[in-house]
Amino acid sequence: MTTLAAVLDPFLSLLYPPRCLVCRALGAAGLCTACLEQIVSVADPACPVCGHTVDLNDGCLNCLSRRPAFVRARALGAYEGVLQTAIYHFKYRDRPQLAGPLGRSLASFARDQCAHLNDLKFDALQPVPMHSTRRRLRGYNQSERLARVVCTELGLPLCDALVRSRPTRPQVGLAREARCHNLAGAFTVRRPEEVRGKTLLLIDDVATTGSSLSECAAALRAAGAAAVYGLTLAAG
Ligand SMILES: [Zn+2]
Ligand SMILES: [Zn+2]
C-alpha cells in the first residue's frame, strides 16, 4: 500500500464500508457467510465421472459421446443464484478478492469429497490457464487466484506448467460440438518435466460441459501426467 493509500484507507472504509458483493450486507468484504450458505449443490443424480446432473433416461450427455480425459471432476455447486452472481463479480467486475471466500469454500468442499478426489493425494494444483491477451485485459486469471487459495488451504503446491497457447472464443453460447472444436489444441504444457508422472488437480471457476477441463487434462496427460482430476466452483 502506498503512503497516501495507507492514510486514506480508514476514511475510505468509513465512506465505503466493506459489504457483501451479493446481498450488500455490511461487514463482510466479498461474500458473507449467509450467502455462502445459500450455495446450492449440484442436483442428484450426478454423473460419477464429471459430477454434472444427469438425465436418468439419457445418461450423462457430457461423458457419453466422449469420455473425458480427467478421472473425475466435482463442483462446489450448481451455476445459479448466489454462486452465479459471485462468479460474475469475480470474473467480470474486477473483484479478485472473491478468491478468498470462494477458494476457502472450495477447499472445504474438496475435503468433503475427498473420496471422489483421490483422497486429495495430489502432487500439485493446476489452474485452467487464460490466454495472455485476455489476462492482460482482465488483469488477473480468476482460476489462478482461486487455485492459490485452495493450495494454501490444502497445503499443496501450485503448478504453472499449462498455458493457453491460442486465444479461444468464450465457450458461453456454443453448442457441445462447437465447444470441443473451439478448444482443440488450445492448451500446451510449456514445462513437461513439471507434470511428468504427477497426479494433478485442475481448478476452474465454471464447468459447463467439462470440455475445458477435459482438453486441459488431455494436454497434461500427453505431456506425461499420471492422472488428472478436476475441481470447479460451479457446474452447469
Ligand atoms: Zn451476502
Ligand atoms: Zn458425466
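Quick look at the overall build of the protein now. A tally of regular secondary structure across the protein gives nine helices and six strands. In terms of overall dimensions, the protein is globule-like: its C-alpha atoms have a radius of gyration of 18 Å, near the 18 Å expected for 236 residues. The dimensions of the protein, computed from C-alpha atoms along their principal axes, are 55 × 40 × 35 Å. Expressed as a percentage of its 236 residues, the buried residues of the protein come to 40%.

Okay, the sheet that holds strand β6 (residues 227–235) next. An order of β1-β6-β5-β2 is seen for the four strands of this open sheet, with the pairing classed as parallel. This sheet does not close on itself; its edge strands, each paired only once, are β1 (73–78) and β2 (124–127). Going from strand to strand, the sheet's axes swing by 20° on average, the running direction of each strand aside. In this sheet, β6 lies alongside β1 in parallel orientation, the contact comprising five bridges. Paired with Ala75 across the bridge in β6 is Thr232. Contacting β1, β5 (199–207) and β6, helix α9 (residues 211–222) crosses the sheet at an angle of about 160° to β5.

On to the packing of helix α5 (residues 99–112) against helix α7 (residues 142–154), then. How two helices pack is summed up by the angle between their axes together with the distance between the axes. The N-to-C vectors of α5 and α7 enclose an angle of 50°; their axes lie 8 Å apart at closest approach. The angle between α5 and α7 falls in the class oblique. α7 is crossed by α5, and the crossing has right-handed handedness. Within the contact between the two elements, α5 uses Ala99, Gly100, Leu102, Gly103, Arg104, Leu106, Ala107 and Ala110 and α7 uses Arg145, Leu146, Val149, Val150, Glu153 and Leu154. Taken together, the residues that form the contact of α5 with α7 break down as nine nonpolar, two polar and three charged.

Rules and cut-offs
- Residues numbered from 1 in each chain as written.
- Chains lettered and ligands numbered in written order.
- Predicted model: local features only at pLDDT ≥ 70, side-chain atom pairs only at ≥ 80, totals over all residues.
- Helix = DSSP H or I, 4+ residues; strand = E, 2+ residues; numbered from the N terminus.
- Rg over C-alpha atoms; globule rule 2.2 N^0.38 Å.
- Buried ≥ 20, exposed ≤ 12 C-beta atoms within 10 Å, placed from the backbone.
- Pairing = 2+ DSSP bridges.
- Axes fitted to C-alpha atoms, helices over the stretch in contact; angles between N-to-C directions.
- Contact = placed C-beta atoms within 7 Å.
- Parallel < 35°, antiparallel > 145°, perpendicular 65-115°, else oblique.
- Left-handed = near helix turned anticlockwise from the far one by under 90°.
- Nonpolar A, V, L, I, M, F, W, Y, C, P; charged D, E, K, R; others polar.

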